[in-house]
Amino acid sequence: MKNQNKNIYRALLILSFIGLNLLIVFAIGQIMTYLNTGADKSKMLNLALKSERVYKPHLIWRDTLNPSRPLEKPTQKRVAQDYLNAWYVREVALATNEFKGIDDYYTASARQKVEHLLNQNINALTRIEGTSLNHNLELEFYSADGQFISFKDFGVQEAQRIFSENNLLLQHTITASYRVIMLLEDGFWRIRQLVRIPQQDSIVPKNQVVKKEMPDQIKAINYYPQQNPWDTFGTDFQPAVIQTDLKKIKDLQFNTIRIFVGYEDFGKAEVTPKKLSKLKKLMDLADAEDLQVIVTLFDFYGDYSVIDWSNTFKHSRAVVNALKAHPALLAWDLKNEPNLDFESRDKDLVLFWLKNHLAYLKSLDPATLLTIGWSDAASASLLLDDVDLVSFHSYQDFASFQTSYEELKAQTNKPLMLQEFGLPTYSGIWNPLGADEDEQAEYYTEFLTFAKAEQLHYALWTLYDFKEIPTAVVGRLPWRKAKQKHFGLIDANGEAKPALSIVKDIQD
């Protein structure tokens, strides 16, 4: 009988061990699925003639005057699209060292030059990931028979990453100008000649740009409506609910909210007008309550590949141009926790995208503050020269936070912002030693008293507890979802937790 019991016990141990391993495998699979959302090189060549446009640099015709024949609007559009397609297939060819698509957009003589370059790269085990970000076309000649066109392309900004045997040698951005000749063949405008020419100097008056004034202390809260966490601008967008929430936030003595613009949610490169309208409405409601807004861009974006830059730049242009004059806008927060993508997406690539995108935001809106929401203070020391406000997140205990804060403070004179911090009031099967509501109140007492003494800018996470957390946010793992539901100052039933009055009293 004893042996039988031992065998049963061993069997249970083995089953438990197998179950634990299966759980670990499942968890790893979920995490990898959650992280790996980038571009697939095998699907890069997705031409406009076959499906949706995937390469969208900003292109304008600066001059279309022509003595022999007018350049009709449909022809302008077709030439521009085939010209961009030619750039795209060339960039894909250089990135993959494959010749697909070159025949469609280059004449025979031009193909020889592209193919010669590709063969050189193949022999040298070299490849180039590149893109163009803008094109400014100026017509030189359009033939009377409509078969030949020549134009200049000024100030083309290009980003490149050069690899040798898959080791990164160089990543840089350049600005160049070109003279272009295209011929109409078999219904395609094909490049006959693409020659670099000297840069044209432009004399642009440099006006003194005054940055928006920052409050003495940003007292902010990260905001989602309670019934729509991580989906503020979805189908259930309710201005009346948001207005009520903003009144609560103002009554708690906050002066700023931080909100999130999802890259895919807003239409990626083709930003949806309805989403922009909802975003503007929220900004108007915030302004009516005398609240400023930090707008976090590119939420749930994780590609960064150079070939995708034209899409992300187009997205930014639409959002920034729509909001940059809004009185409630305080800062652009380029990306939430991009350092979490370092391992899966390559740290050099992520930083390359961030640095160049910050420069682009500055060119679009030089007056508005720029920041990045790093997930920890150690990462916030990156790109210090490129931001106006150094933001970081911390869910550590107070002693650990204070150490990391002091280390960061010693590295810069720029203003610092504790952009996310909080303590969940969850204790249960997935977190038996979790904090209760009184401990949350003590947590905020300690952190906010310190922030007030230091004049440290901050943003709490968050106003509400949530009943459901989208799987896209933290994956399917129940212990991650359980904690994320309980960070609020107000519980899921609408009842205030003790921390709420603590926050109001300290901020008053």
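Residues numbered from 1 in each chain as written. Predicted model: local features only at pLDDT ≥ 70, side-chain atom pairs only at ≥ 80, totals over all residues. Heavy atoms only, no water.

### Regarding the pattern of salt bridges
Across all of its chains, the model carries 24 salt bridges by this definition. Between Lys-211 and Asp-388 there is a salt bridge, and its shortest N-O distance comes to 3.2 Å. In this pair, Lys-211 sits in the loop between β6 (188-197) and β7 (219-222) while Asp-388 sits in the loop between β11 (369-374) and β12 (390-393), placing the two residues 177 residues apart along the sequence. Looking at Asp-388, the relative accessible area reads 23%, which means it is partly exposed. With its nearest N and O atoms 2.9 Å apart, the salt bridge here joins Lys-275 to Asp-265. (Salt bridge = Lys/Arg side-chain N within 4 Å of Asp/Glu carboxyl O. Helix = DSSP H or I, 4+ residues; strand = E, 2+ residues; numbered from the N terminus. Buried < 20%, exposed > 50% of the residue type's maximum accessible area, 1.4 Å probe, protein only.)

### Considerations on the packing of helix α11 (residues 437-454) against helix α14 (residues 498-507)
At a minimum axis distance of 8 Å, the contact between α11 and α14 shows a crossing angle of 15°. As summarised for this structure, α11 and α14 are arranged roughly parallel, according to the angle between their axes. Taken as a pair, α11 and α14 cross one another with a handedness that is right-handed. On the side of α11, the interface is formed by Glu-437, Asp-438, Gln-440, Ala-441, Tyr-444, Thr-445, Leu-448, Thr-449 and Lys-452, while α14 contributes Pro-498, Ala-499, Ile-502, Val-503 and Ile-506. (Axes fitted to C-alpha atoms, helices over the stretch in contact; angles between N-to-C directions. Parallel < 35°, antiparallel > 145°, perpendicular 65-115°, else oblique. Left-handed = near helix turned anticlockwise from the far one by under 90°. Contact = heavy atoms within 4.5 Å.)

### Topic: a negative patch on the surface
Taken together, the side chains of Asp-397, Asp-436, Glu-437, Asp-438, Glu-439, Glu-442 and Glu-446 define an acidic patch exposed on the protein surface. Within the secondary structure, Glu-437 sits in helix α11. (Patch = residues over 30% accessible without salt bridge, like charges linked within 9 Å, V, L, I, M, F, W, Y side chains within 5 Å. Areas by Shrake-Rupley, 256 points an atom, 1.4 Å probe, with all protein chains shown as cover. Lys, Arg positive; Asp, Glu negative; His and termini not counted. Charge placed at Lys NZ, Arg CZ, Asp CG, Glu CD.)

### Notes on the environment of Glu-289
Residue placement: Glu-289 occurs in the loop between α6 (273-288) and β9 (292-299). The exposure class of Glu-289 is buried, given its relative accessible area of 14%. In sequence terms Glu-289 and Asn-255 are 34 residues apart; their C-alpha atoms lie 9.1 Å from each other. Not counting chain neighbours up to four residues away, the residues in contact with Glu-289 comprise Leu-246, Lys-247 and Lys-250. For Glu-289, the side chain forms a polar contact with the side chain of Lys-247, separated by 2.9 Å. (Polar contact = N/O pair within 3.5 Å; in protein donor to acceptor, adjacent residues only side chain to side chain.)

### Describing the layout of surface pockets
The computed volume of the second largest pocket comes to approximately 540 Å³. Along its surface, the second largest pocket is lined by 23 residues, and Asn-134, Asn-136, Gly-155, Gln-157 and Thr-175 are the ones closest to its centre. Counting residues per element, the ones that place at least two in the lining of the second largest pocket are β1 (58-63), β3 (134-142), β4 (148-164), β5 (167-185), α7 (309-323) and α9 (347-364). In the lining of the second largest pocket, the residues fall into 7 nonpolar, 13 polar and 3 charged. (1 Å grid on protein atoms, 1.4 Å probe; cavity = no way out; pocket = protein on both sides within 12 Å on 5 of 7 lines; lining within 4 Å. Points joined across faces, edges and corners; volume = space filled by probe spheres on them. Nonpolar A, V, L, I, M, F, W, Y, C, P; charged D, E, K, R; others polar.)

### Description of the sheet that holds β7
Sheet architecture is closed into a barrel: 8 strands sit in the order β7-β8-β9-β10-β11-β12-β13-β14, paired in parallel fashion. With direction set aside, neighbouring strand axes in the sheet form an average angle of 25°. Where β12 and strand β13 (residues 416-421) come together, 4 bridges link them in parallel fashion. Within β13, the position partnered with His-393 by the bridge is Glu-420. (Pairing = 2+ DSSP bridges.)

From the geometry alone we can't say anything about function, so treat these as descriptive.
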